Each structure stands twice: as C-alpha cells, then as structure tokens.
Amino acid sequence: MEPLELDRPKEECGIFGVFAPKTEVAKLTFFGLFALQHRGQESAGIAVSDGSTLRFHKGMGLVSQVFTEQMLSELQGDLAVGHTRYSTTGVSEIKNAQPIVCQSIVGGVAVAHNGNLINTAELRTKLAAEGVVFTSSNDSEIIAHLLSRHLALGVDEAVRLTMEQIKGAYSVAVLLPDKVVAFRDPLGVRPLAVGRVRDGWMVASETCAFAPVGGKVDRELCPGEMVVLDATGMRFRQVVPSGAEKMCLFEFIYFARPDSRMYGTTIYSARERMGQQLAIEHPVEADIVVPVPDSGIPAALGYSRHSGIPFKEGMTKSRYIHRTFIQPDQKMREMGVRMKLAPLEDHIRGRRIVLVDDSIVRATTTKQLVRLLFEAGAAEVHVRITAPPITNPCFYGIDMAGKGELAAAQMSIEEICKSVGATSLGYLSIEGAVHAVGREESAFCLACFNGNYPLPVPEDISKHAFETPPDVGAMAAIQTRD
Ligand code: SF4
C-alpha cells in the first residue's frame, strides 16, 4: 500500500529466482527483491526448497516490512523464488500475495508471475470444473495449477503444455524441489533476465537485481524461451516458437530501474536519448530544464544536452514518504504532490522552465506540478513528456486507468495543455521513443499509445475483470510442505 501516489502507471510485479547451494538463498532473494521493489510495493514473498521441503513466507507491505532477519534464517534451502507485487485496487490482500504455493506429484511448487493472462476466465472455469479449488483471486494461481498437473511428464513437457494453454503477457519463475524454472511469453511483453552468482544462477525481472547480490548478467531470456537452473547448471530451451518480439515500451520510459539493461541498452541511456529526441521534436526557448524527480532526470539531462539549456533541479523529493503506512487526512491528501515534492524556489523564481516528466495518465499530477512551479515564481512552464500520449488501457500487467480516465483519450494535446495550466506541452512521438531505445518499431508493444494490441483482448473484458472475488481466507505466514 502506498498512501500517496503520483498519477503514474503501475507495474504489477517483480520476480526473482536463484539456484545457489552453499548460499543463504533466502537472504540473497530478499536483496534481489529489494532491488525490484519499484515493480510492486503492496506485498512480497519468498519460497525456498532444500530438496525435500518447501518453506515460504509472504506478507503485505514492502520487502523490508515483510521480512525480518529471523524469518529469513528460518527459510533454509539451496534454491528460492521471490516476488514483489503491486495489485489493482480492492485486491491487495494476503491471499493474492505471491509466490503461489501448491502441491504436485513431485512435491511443493511455488510460482512467481509478472504480467496478465488474457484467458483467465476461461481457464479458471475449466480448472474449477475439473475440481481445482482456488485459494487466491489472481491469474498466477492458474499457472501454478496447470504446471503442477503436468509435472508427471517432466519439467520441459509441463512448461510446454502450460505455455500452450495460457495466453497473455507473462514472465514466470517456478520453484520445484530441486530446480528453478523460468519462462517468458512468446511475445516477450514483460522482461526476464538470467544472471550468474558465485556458486549458482539467477533469474530476475530486471538485471538491476543481480549486482547487489554479487551477480553478473548472463543475458535476457528470449520470448517463448525457458531456462532451468539446477545442480547440472543452466539449461535453455526454446519452448514455443516466437514469431515476433513485443516488449513493453513503458519499461524503457518509466517502469524499469535506470541501471537495468533491456534490449541491449541501459534504461538510463535510453531515457537520456528520449530527452534528446524530445528536444529535437519540441524545442522551446527557456532558461532551465527541470526534471520531475527521479524518473525524469535522465531525459531532462538529454533535453538539456541537446538544447543547450542548463539542467537545474527545481524540486526535491521526499525519499521516505512511501515508507509510512500512516494515511494522510483529506486536507493533506488534497495537497497531492506537495507531500512528495518540494519546490526549490531560488532555482525557479522568474525563470522560464522546461519541465521534463515521463508520462501523463489522468493529468492530475501534471496539473499540480505546474501549479507548484508557478506558485514558486516560475515565469513559464513548458511541459515535455517522454511517453507518447496514452490513449488506451493496458491489459498486459500494467495498471494505468480505464480509457475514460486517460487524459489523452479524452482531450487533444492543446486541451490537456490548457487543463494543466502549462505554457506549452509536447509529447515525444512513438517513432522518437522507439528510435531512442534503438530497436525497430515492430519489436515493441505500443498498444497503450496506438491501440494496436499484439494479443487479442475481448472487448467486454476490463482490466479489473481479471481479478475475481477472493474465495478462501488468508494464508498462514509460514507453512512447511513435504
Ligand atoms: S499496453 Fe502499454 S503498458 Fe501495456 S504492455 Fe503494451 S506498451 Fe506496455
């Protein structure tokens, strides 16, 4: 739960897996998840196996709030998977925290999933009719049940049969008694990378999870590919042929951590190039370029470098506001961004400002930011945005509001500019954003920008329809399974 949220799209999960005997794998997973905290702040969980027993703990809150040193020391084993989750409103409950744990013919199975399945309703109905009892309301449990029932045929076949049935965006890490298995959907919408650590191997949503635990990046998993980490080493297999790559462009614009690598580039460099491109597409005469911290910083530097307009910090961010669970009262809430961002008046007063931000969803935050700068004495505020206008909702694992709430779906750019009170407003083009990453346009999912969904989405299914009401009570904090 994050009490004060800026108007941003929200990633739904970060996943981590490790096979590393002779290592404290629970602690290693904790720090891996810690590095992936930006991908989800509502719940966290770790499951470990020592070869015969699967132990897990999960809870609501940030990784550092869910785990204590004592808990981690009780999670003894040689291999582990972990998960950190952001959920859509109303379903932020312990029963939906991951990894999802269930029994199989080979023993306990724990599944950590990032993404959204688009055939959840169909699969859930089918499995329920076959006697499966669901203990959560999320689509990840479907993956856990499908895998478990096929494991008698071996891991490779179980993954193949599961991937044949599930449709959508998914990166998955699975803990089995003696191996960690990870796989990525055939379009590679959500990221997944493989790394090495002393005495073992790892998988993670982002490469930024490897360095803090002393690991190194091996490579990104290909769309439709699986990797098995076990005592024999690291084994890759192309499970489902991938005709196309459709990586989420928003990972580059906003979600991923700047030090992560995707598509062969660091996110930071891609964002700098987006800023340069923004300066080419939307030049303006101004005195300083100001980022919205922290995500706007690399793009603001890029804009500044190309335009020659000096980079200057114009506001500071409260680093710890997200760590409080104390809810602000209504009056405080109305102050919105002021709880998170404080203007540096001496930098702002009398200046013409280029304000660089990553995205506009409902435009509520942009409006508050512009007002903040004018109240601090700005002469002009020219808003520049590195995400192209968001005109469509996401069905592939990102919570970014329905079409009716998206500013760019309801208003022209001129109207948005007027409604947020900016002096001018410029969005980076789709071509410009893609060019900045350095891959061809066909390599990206761009659905929220152009409405071309790479996977079919039934028209009558809203993003929230994938979340069905909970069935069973909350899970015990620690359970042991043989
Ligand atoms: S619709 Fe947008 S946010 Fe969703 S996966 Fe595609 S590019 Fe990413």
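Residues numbered from 1 in each chain as written. Predicted model: local features only at pLDDT ≥ 70, side-chain atom pairs only at ≥ 80, totals over all residues. Heavy atoms only, no water.

A look at empty space enclosed by the protein
Now for step 1: This model, assessed by the stated rule, comprises four cavities of 30 Å³ or more.
Now for step 2: Forming the boundary of the largest cavity are 15 residues, of which Cys248, Cys394, Ile398, Cys445 and Cys448 lie nearest the centre.
Now for step 3: Going through the elements one at a time, helix 7 (249–255) and helix 16 (447–450) are the ones with two or more residues in the lining of the largest cavity.
Now for step 4: A breakdown of the residues in the lining of the largest cavity according to their chemical character gives 14 nonpolar, no polar and one charged.
Now for step 5: Approximately 70 Å³ is the volume attributed to the second largest cavity. (1 Å grid on protein atoms, 1.4 Å probe; cavity = no way out; pocket = protein on both sides within 12 Å on 5 of 7 lines; lining within 4 Å. Points joined across faces, edges and corners; volume = space filled by probe spheres on them. Helix = DSSP H or I, 4+ residues; strand = E, 2+ residues; numbered from the N terminus. Nonpolar A, V, L, I, M, F, W, Y, C, P; charged D, E, K, R; others polar.)

Here we look at the site of the ligand
Now for step 1: Residues in close proximity to the ligand include Val189, Arg190, Cys248, Leu249, Phe250, Cys394, Tyr396, Ile398, Met400, Cys445, Ala447 and Cys448, which together make up its full environment.
Now for step 2: In a pocket analysis with a 2 Å cut-off to the grid points, the ligand is assigned to the largest cavity.
Now for step 3: Elements with a minimum of two residues in the shell around the ligand: helix 7 and helix 16.
Now for step 4: Looking at the shell around the ligand residue by residue, the classes come out as eleven nonpolar, no polar and one charged. (Near = heavy atom within 4 Å. Sits in = over half its atoms within 2 Å of the grid points.)

Examining the packing of aromatic side chains
Now for step 1: Evaluated as defined, the whole model comprises 13 aromatic pairs.
Now for step 2: Ring plane angle 40 degrees and centroid distance 5.3 Å describe the contact between Phe250 and Phe255, whose orientation is recorded as tilted. Note on accessibility: Phe250 and Phe255 belong to one class, buried.
Now for step 3: Note on Phe252 and Phe444: the rings are 5.8 Å apart at their centroids and 80 degrees apart in plane angle, and the pair reads as edge-to-face. In this pair, Phe252 is assigned in helix 7 and Phe444 in strand 25 (residues 444–445), connecting sequence segments 192 residues apart. (Phe/Tyr/Trp six-rings, centres within 6.5 Å; stacked < 30°, edge-to-face > 60°. Buried < 20%, exposed > 50% of the residue type's maximum accessible area, 1.4 Å probe, protein only.)

Brief notes about the pairing of strand 5 (residues 79–85)
Now for step 1: The buried fraction of strand 5 amounts to seven of the seven residues, a majority that puts the element mostly inside the structure.
Now for step 2: Along strand 5, one buried face is formed by Leu79, Val81, His83 and Arg85 and the opposite face, lined by Ala80, Gly82 and Thr84, is buried too.
Now for step 3: Bridge count between strand 2 (residues 13–19) and strand 5: seven bridges; the pairing is antiparallel. Residue pairing in the sheet places Phe16 in a bridge with Gly82 of strand 5.
Now for step 4: Note: strand 3 (residues 43–49) against strand 5, seven bridges, orientation antiparallel. Note on strand 5: the bridge partner recorded for Gly45 is His83. (Pairing = 2+ DSSP bridges.)

Considerations on unusual backbone geometry
Generally, phi is negative for residues other than glycine and the peptide bonds are trans, each holding for most cases.
Now for step 1: The peptide bond linking Gln98 to Pro99 adopts the cis configuration, its omega dihedral lying at 5 degrees.
Now for step 2: Along the chain, Pro99 falls in the loop between strand 5 and strand 6 (100–104).
Now for step 3: Look at the link from Pro293 to Asp294: it is a cis peptide, with omega at -5 degrees.
Now for step 4: Within the fold, Asp294 resides in the loop between strand 18 (288–291) and helix 9 (297–307).
Now for step 5: Phi at Tyr263 is positive, roughly 50 degrees, even though this residue is not glycine.
Now for step 6: Structurally, Tyr263 can be placed in the loop between strand 16 (261–262) and strand 17 (265–266).
Now for step 7: According to the relative accessible area criterion, Tyr263 is buried, its value standing at 13%.

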